[in-house]
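Structural characterization, general
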Amino acid sequence: MIESPFQYGTLATKENFIDRESERACLKQMLFSGINVSLISPRRWGKSSLVKMAMDELESERDDVRVCYLDAFSIDSVDDFYSKFASAVVSCSANRIEKAWSDAKKYLGGIVPGITFSDGLNDILTINFKHDPVKENQTQILNLPERIAIDKGIRIIVCIDEFQQLAEMDGYSELEGKMRSAWQYHKHVSYCFYGSKKHMMMQIFNDSQKPFYRFSETMFLGKIAKEDWVPFIVRGFEKTGKKISESFASMICDYTDCHSWYLQQMSFFVWSDTANEVTEDIMNRACRRIVDTNSPMFMSDVEKLTASQREMIKAIVSGETHLSSERVRGKFRLGNLTTITRNKKILETKSFIDSGDGTLEISDPIFRIWFRSRYLNLK
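Note that this is a predicted model, so its numbers are computed, not measured.

**Re the sheet that holds strand β1 (residues 37-40)**
- Spatially, 5 strands are ordered β2-β5-β6-β1-β7 in an open sheet, and the strand pairing comes out parallel. Looking along the sheet, the strands with just one partner apiece sit at the ends: β2 (65-71) and β7 (217-220). With direction set aside, neighbouring strand axes in the sheet form an average angle of 20°.
- In this structure, strand β5 (residues 155-161) lies alongside strand β6 (residues 189-195), joined through 6 bridges in parallel fashion.

Below, the structure written as structure tokens:
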């Protein structure tokens, strides 16, 4: 069996990573120079792969850099954040698990009454506080990376994926203030926050009333250009003894709107259905398959919306741009102006729509195709 040249659902490996040279260089330069970064893009556009690739390159180029990663989706409380933050910082700054244990005792032993350790898979240190960190010790934990960086003569880069999810936790407001108060004085540590919910990320980092206002440089991750994707797709087929024309590769780009996840997914569907050379029938089957595969997820998401929110999506998919006009409000039963404003905010927060350039559009290209077919009977 031949391994697929197309990858989705996991972080892209070096051979599956495409382009982003300028973004990688920019991330490396800013974070190594002590400039914090907030990286924003829609879901599944490759943020995590980009950060991992850039940081792997930086660590290979610099012996004095250590990178630690936190996934906010895995954090369910403020106390859980402190435990996982401490675990990540100590683990990334030590060379071996035995040394990490020693460092944990050294740097955390005097902070909390007791610590337990588990090394788990892949020699990853997990620190569990026997008692919840008392308030005066929370600041010491937040200052842990700076203390270790100074002590070891290194630079630590803390990367927190889907950072906006922390804002959903009880007690986040207090945590947010404490993080800013501690981290703003760090000279040997840089922070990279990346998230897919643009509305929430903008509130956290661009609202002058919030603690993290102007704490970081904001980067918006755009799509990879079609002219980069087409040769990537063609090469993927060629290196596994199969053939796809540039026109069919271009069709994949157009159908998925160059969305990284869907483009790799559709490329895989076409590749796995091809014995020798891609045909029009294979392309048509892949178009149907990518919509059908994602249909259950789309249905689940839409069922959670109110009737007026679904109607707003109908209006946007239909090409309406003036949702507040009397004609559009009547045609799609959008409700009064207050309801329209509220629903716009909700749909943006849930990543159904985006208003980046001032016009509303559907964020997910395959969802748009599915919705048009199911709710508007349009191809």
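Further notes follow.
**Some points on the side chain of Gln264**
- Looking at the element boundaries, Gln264 is found in helix α11 (residues 260-272).
- Looking at Gln264, the relative accessible area reads 6%, which means it is buried.

**A look at the pattern of salt bridges**
- Tallied over the full model, the rule gives 13 salt bridges.
- For Lys314, the salt bridge identified is with Glu311, shortest N-O distance 3.0 Å. In this pair, Lys314 and Glu311 are both assigned in helix α13 (residues 307-317), 3 residues apart and thus about one turn of the helix distant.
- Assessed through its relative accessible area of 8%, Glu311 is described here as buried.
- Salt bridges sharing common partners tie together Arg24, Lys28, Glu57 and Glu61.

**Structural notes on the packing of α13 against helix α15 (residues 337-349)**
- Direction vectors running N to C along α13 and α15 enclose 80°, while the axes themselves pass 10 Å from each other. As judged from the angle between their axes, α13 and α15 are roughly perpendicular. Where α13 abuts α15, its residues Ser308, Gln309, Met312 and Ile313 lie against Thr339, Ile340, Asn343, Lys344, Ile346 and Leu347.
- Residues that form the contact of α13 with α15 fall into these classes: 5 nonpolar, 4 polar and 1 charged.

**Remarks on the pairing of β5**
- Among the 7 residues of β5, 7 are classified as buried, and the element is accordingly described as predominantly covered.
- The alternating pattern of β5 places Arg155, Ile157, Cys159 and Asp161 and Ile156, Val158 and Ile160 on opposite faces, both of which are buried.
- As paired strands, β2 and β5 are joined by 7 bridges and run parallel to one another. Pairing of Val67 across the sheet is with Ile157, part of β5.
- Traced from β5 through helix α7 (residues 172-183) to β6, the parallel crossover comes out right-handed.

Cut-offs applied
Within each chain, residue numbers correspond to sequence positions counted from 1 in written order. Where totals are concerned, whole chains, interfaces and linings use all residues; where local detail is concerned, this predicted model gives features only for residues with pLDDT of at least 70, and gives and counts side-chain atom pairs only at 80 or more. Excluding hydrogens and water, the side-chain values take into account all heavy atoms of the structure. Think of it this way: DSSP has to see at least two bridges between two strands before they count as a pair. Helical segments are the DSSP runs of H or I of at least four residues, strand segments are the runs of E of at least two, and each set is numbered from the N terminus. Only the stretch in contact is used when a helix axis is fitted, and all axes are lines through C-alpha atoms; the angle between N-to-C directions ranges over 0 to 180 degrees. Only protein chains enter the accessibility calculation, which uses a 1.4 Å probe; a residue whose area is less than 20% of its type maximum is buried, one above 50% is exposed, and one in between is partly exposed. By definition, a salt bridge exists where a carboxyl oxygen of Asp or Glu is found within 4 Å of a side-chain nitrogen of Lys or Arg. Put simply, angles under 35 degrees are roughly parallel, angles over 145 are roughly antiparallel, angles from 65 to 115 are roughly perpendicular, and the rest are oblique. The contact criterion used throughout is that any non-hydrogen atoms of two residues lie within 4.5 Å. Amino acid classes used here: Ala, Val, Leu, Ile, Met, Phe, Trp, Tyr, Cys and Pro are nonpolar; Asp, Glu, Lys and Arg are charged; the rest, including Gly, are polar. Here, the term right-handed applies to a crossover whose path from the first strand over the helix to the second runs clockwise when the strands point away from the viewer.

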